[in-house]
Amino acid sequence: MGKATTRLFIGSPPCCSTQAYFDELIRRCRARIEQQQRNQIHWTHPHDRHLTLGFLGETPDYLIPSIEQGLVQIAGTVSRASGHLFSLSPFPAQNAHLLAAELTGDPNLQKLHQLCQQLIIHLGMTPGRRSYRPHITLARGREGFCGLVPVHLDYSMPLNTIALYKSIPAPDSSHYQRLFETALCGIPL
């Protein structure tokens, strides 16, 4: 019998004010986007919105306590971070099936991502090899979002916590359950 595994990733959930910003952004853009796309769009539930910091994939369950301990250590070395939301557009390319709010990060966000990658390596796993493009997925479209003109955004998104998420596959898109969360409380850079 094989070892039990869970599909995991490390992320940061949006704070209440950022959730309210996303709700208003979606309210303003939804009708126009749905009319332009003419395909079934699945909007991300607010509970499932997150900024991915590191992807673990199928992970042996016995590693979960070590991951949690690693996140506490990371949170103790990194102070609160932020990212500047600058665009709502198809992600990662114009013909993609995701609609995301993309952001640039401050030095603490970059440090947070690097430390999460180091934790994944320390656990004996392989981190993702793609360059890091921080974003929050807001919708998925079966036929993509080609033809959608990017929407300019100007919002500073605070990142106050780091969390371990479980990915739960579903027919329309995955849902996410926070298994562990800790506040970023390190000394500012």
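Heads up: the structure comes first, above all this text.
Residues numbered from 1 in each chain as written. Predicted model: local features only at pLDDT ≥ 70, side-chain atom pairs only at ≥ 80, totals over all residues. Heavy atoms only, no water.

**A closer look at the sheet that holds strand β3 (residues 51-60)**
Here is step 1: An order of β3-β1-β8-β9 is seen for the four strands of this open sheet, with the pairing classed as antiparallel. Strand pairing shows two members of the sheet lacking a second neighbour, β3 and β9 (175-183), which therefore form its edges. Strand-to-strand twist across the sheet, computed as the mean angle between neighbouring axes with direction ignored, equals 25°.
Here is step 2: Pairing geometry for strand β1 (residues 5-12) and strand β8 (residues 161-168), over four bridges, is antiparallel. Following the sheet pairing, Phe9 is matched in β8 by Tyr165.
Here is step 3: Those strands touched by helix α2 (residues 64-77) are β1, β3, β8 and β9, and its axis lies near 50° from that of β9.
Here is step 4: Across the sheet, helix α3 (residues 107-122) touches β1, β3 and β8, and the angle it forms with β3 is around 10°. (Pairing = 2+ DSSP bridges. Helix = DSSP H or I, 4+ residues; strand = E, 2+ residues; numbered from the N terminus. Axes fitted to C-alpha atoms, helices over the stretch in contact; angles between N-to-C directions. Contact = heavy atoms within 4.5 Å.)

**Here we look at the nonpolar core**
Here is step 1: Within the largest apolar cluster, 46 residues are counted, with the highest numbers of intra-cluster contacts made by Ile10, Phe22, Leu56, Ile67, Leu85 and Ile162.
Here is step 2: The element best represented in this core is helix α1 (residues 16-37), accounting for six residues.
Here is step 3: Leaving out residues up to four positions away in the same chain, Ile10 has contacts with Leu51, Thr52, Leu53, Gly54, Leu56, Leu71, Cys116, Leu119, Ile162, Ala163 and Leu164. (Core = buried A, V, L, I, M, F, W, Y, C linked by side-chain atoms within 4.5 Å. Buried < 20%, exposed > 50% of the residue type's maximum accessible area, 1.4 Å probe, protein only.)

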